[in-house]
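Chain by chain, the residues run as shown.
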Amino acid sequence: VQLVESGGGLVQVGGSLRLSCAASGFTFSINSMGWYRQAPGKQRELVAAITAGGGSTNYADSVKGRFTISRDNAKNTMYLQMNSLKPEDTGVYYCNRDVRTFDSWGQGTQVTVSS
């Protein structure tokens, strides 16, 4: 299993970023997936999830209405569009299955929202 996150960066409050997750080593298209965030000094939390076919999504209350999760099963890739970013969105973002996560995590991608 390999999960490679990209697209993070430094952005001002109110800005946008689009994260990507390239997956390999497993059958991506039959797995529901999620984006996780680990803020400094806090535990990793699930912020968005999407079913295998992409027909249903779910979001943490803290990001609802601002983040959009999507996937392209033909490309084995998942995305997270993040709009109206806030300082509390700062953290390292990871992708993995939303339940029964793989033991192997990617390196994550750092998102820093400056005020």
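Now for a description of the structure that goes with this document. (Residues numbered from 1 in each chain as written. Predicted model: local features only at pLDDT ≥ 70, side-chain atom pairs only at ≥ 80, totals over all residues. Heavy atoms only, no water.)

A few words now on the side chain of arginine 37. Examined against the element boundaries, arginine 37 turns out to sit in strand S4 (residues 33–38). Here arginine 37 falls in the buried class, since its relative accessible area comes to 4%. At 3.0 Å, the side chain of arginine 37 forms a polar contact with the side chain of aspartate 89. A polar contact of 3.1 Å, which involves the side chain of arginine 37, links it to the side chain of tyrosine 93. (Helix = DSSP H or I, 4+ residues; strand = E, 2+ residues; numbered from the N terminus. Buried < 20%, exposed > 50% of the residue type's maximum accessible area, 1.4 Å probe, protein only. Polar contact = N/O pair within 3.5 Å; in protein donor to acceptor, adjacent residues only side chain to side chain.)

Attention now goes to the nonpolar core. Grouped burial of nonpolar side chains is what soluble globular proteins tend to show. With 27 residues, the main nonpolar core has Trp35, Met78, Leu80 and Met82 as its most contacted residues. At the level of secondary structure, the elements contributing two or more residues to this core comprise strand S3 (17–24), S4, strand S5 (45–50), strand S7 (67–72), strand S8 (77–82), strand S9 (91–97) and strand S10 (109–114). Tallying contributions element by element places S3 first for this core, with four residues. Filtering out sequence-adjacent residues up to four positions away, leucine 80 remains in contact with Leu17, Arg18, Leu19, Trp35, Ala48, Phe67, Thr68, Ile69 and Tyr93. (Core = buried A, V, L, I, M, F, W, Y, C linked by side-chain atoms within 4.5 Å. Contact = heavy atoms within 4.5 Å.)

Here we take up the side chain of glutamate 5. Tracing the sequence through the fold places glutamate 5 in strand S1 (residues 2–6). Buried within the structure, glutamate 5 lacks any salt-bridge partner; its nearest side chain of opposite charge belongs to arginine 44, at an N-O separation of 7.3 Å. Not counting the four nearest positions on each side in its chain, glutamate 5 is found in contact with Ser20, Cys21, Trp35, Tyr93, Tyr94, Cys95, Gly106, Gln107, Gly108 and Thr109. (Lys, Arg positive; Asp, Glu negative; His and termini not counted. Salt bridge = Lys/Arg side-chain N within 4 Å of Asp/Glu carboxyl O.)

This part is about the sheet that holds S8. Strand order in the open sheet formed by four strands is S1-S3-S8-S7, with antiparallel pairing between adjacent strands. Sheet topology places S1 and S7 at the edges, where each strand pairs with a single neighbour. Neighbour-to-neighbour, the strand axes of this sheet turn through a mean angle of 15 degrees, independent of strand direction. Pairing geometry for S7 and S8, over six bridges, is antiparallel. Residue pairing across strands places phenylalanine 67 opposite methionine 82, the latter belonging to S8. (Pairing = 2+ DSSP bridges. Axes fitted to C-alpha atoms, helices over the stretch in contact; angles between N-to-C directions.)

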